[in-house]
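The lines below spell out each chain.
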Amino acid sequence: MTTTPDDTAAPRSLVSKLAEVMAAVSHVAKRGHNDFHNYDYATDADILAAVRSELAQRSVICVPAVISETREPVGSKGDVLTSLEMTITFLDGESHESLPFSWRGWGTDKSDKGGYKAMTGAVKYALLKTFLLPTGDDPEANTDSDATTAAAPVVRATPRPAPAPRPAAPAP
């Protein structure tokens, strides 16, 4: 059996694969709308669709795990705030590296859905912040003077070729 250079090459590191994902997905547009509070948001489905396929192409998975949960009543309408402490772990199927990090999520509900809301929000924002994905807004922006534009749900960045090496400077 003959080997090719690819057979003997060490697998890319998990961090380099995560950086590739960051380069591949340039932003996620806000396609969801909250009618009650009248604001637009990037949906969980759009964020997962943008990141999931890029991770899978690189044999990387993301595993969220709940470490602890607390529930406490809030307000006077029977709402319960569920707070989750979580670990989000990226696992590389080729190099077998893992990268765990702590994250939190919160969800309010009158019934049994606070935990699901907390987990969805935690994973959504962990992915947005890990991959530095803009959604076309700035929480510190002055909404009266700053305009945002609508876009497709996901815009993939065009890979740039590596810059050509520069010649060494002549010796003095």
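Let us look at the structure shown here. The model shown is predicted, which means the values in this text are computed figures rather than measured ones.

Rules used throughout
Residues numbered from 1 in each chain as written. Predicted model: local features only at pLDDT ≥ 70, side-chain atom pairs only at ≥ 80, totals over all residues. Heavy atoms only, no water. Salt bridge = Lys/Arg side-chain N within 4 Å of Asp/Glu carboxyl O. Helix = DSSP H or I, 4+ residues; strand = E, 2+ residues; numbered from the N terminus. Buried < 20%, exposed > 50% of the residue type's maximum accessible area, 1.4 Å probe, protein only. Phe/Tyr/Trp six-rings, centres within 6.5 Å; stacked < 30°, edge-to-face > 60°. Core = buried A, V, L, I, M, F, W, Y, C linked by side-chain atoms within 4.5 Å. Contact = heavy atoms within 4.5 Å. Axes fitted to C-alpha atoms, helices over the stretch in contact; angles between N-to-C directions. Parallel < 35°, antiparallel > 145°, perpendicular 65-115°, else oblique. Left-handed = near helix turned anticlockwise from the far one by under 90°. Nonpolar A, V, L, I, M, F, W, Y, C, P; charged D, E, K, R; others polar.

Quick look at the pattern of salt bridges
Here's step 1: In total, this model carries 10 salt bridges according to the counting rule given.
Here's step 2: Between E85 and R104 there is a salt bridge whose closest N-O contact spans 3.9 Å. Of this pair, E85 sits in strand β5 (residues 79–92) while R104 sits in strand β6 (residues 98–109), and the two are 19 residues apart along the sequence.
Here's step 3: One salt bridge in this structure joins D112 and K113, with 3.4 Å as the shortest N-O distance.
Here's step 4: Judged by relative accessible area, which is 45%, K113 ranks as partly exposed.
Here's step 5: Through salt bridges with shared partners, a single network forms among R12, E20, E54 and R58.

Remarks on the packing of aromatic side chains
Here's step 1: Evaluation of the coordinates by the stated rule reveals 4 aromatic pairs.
Here's step 2: Here the aromatic rings of F90 and F131 are separated by 5.8 Å at their centres, their planes lie at 75°, and the arrangement is edge-to-face. Of this pair, F90 sits in strand β5 while F131 sits in the loop between α4 (114–130) and β7 (154–156), and the two are 41 residues apart along the sequence.
Here's step 3: Taking the relative accessible area as the measure of exposure, F90 reaches 1% and is therefore buried.
Here's step 4: Its relative accessible area of 2% is what places F131 among the buried residues.
Here's step 5: By way of ring pairs, the aromatic residues F90, F101, W103 and F131 are connected into one cluster.

Digging into the nonpolar core
Here's step 1: Counting 24 residues, the largest nonpolar core has L18, V51, L55, F90, L127, F131 and L133 as its most contacted members.
Here's step 2: Mapped onto this core, the elements with two or more residues apiece are α2 (14–24), β1 (25–28), α3 (44–57), β5 and α4.
Here's step 3: With 6 residues, the top contributor of residues to this core is α4.
Here's step 4: The contact partners of L55, leaving out residues within four places of it in the chain, are L18, V21, V60, C62, F90 and F131.

A few points about the packing of α2 against α3
Here's step 1: Closest axis-to-axis distance for the α2/α3 pair is 10 Å, and the angle between their directions is 140°. One finds that α2 runs oblique with respect to α3. Our pair here, α2 against α3, has a crossing hand that is right-handed. When α2 is examined against α3, the residues L18, V21 and A24 are found in contact with a partner set consisting of V51, E54 and L55.
Here's step 2: The residue makeup of the contact of α2 with α3, split by class, is 5 nonpolar, no polar and 1 charged.

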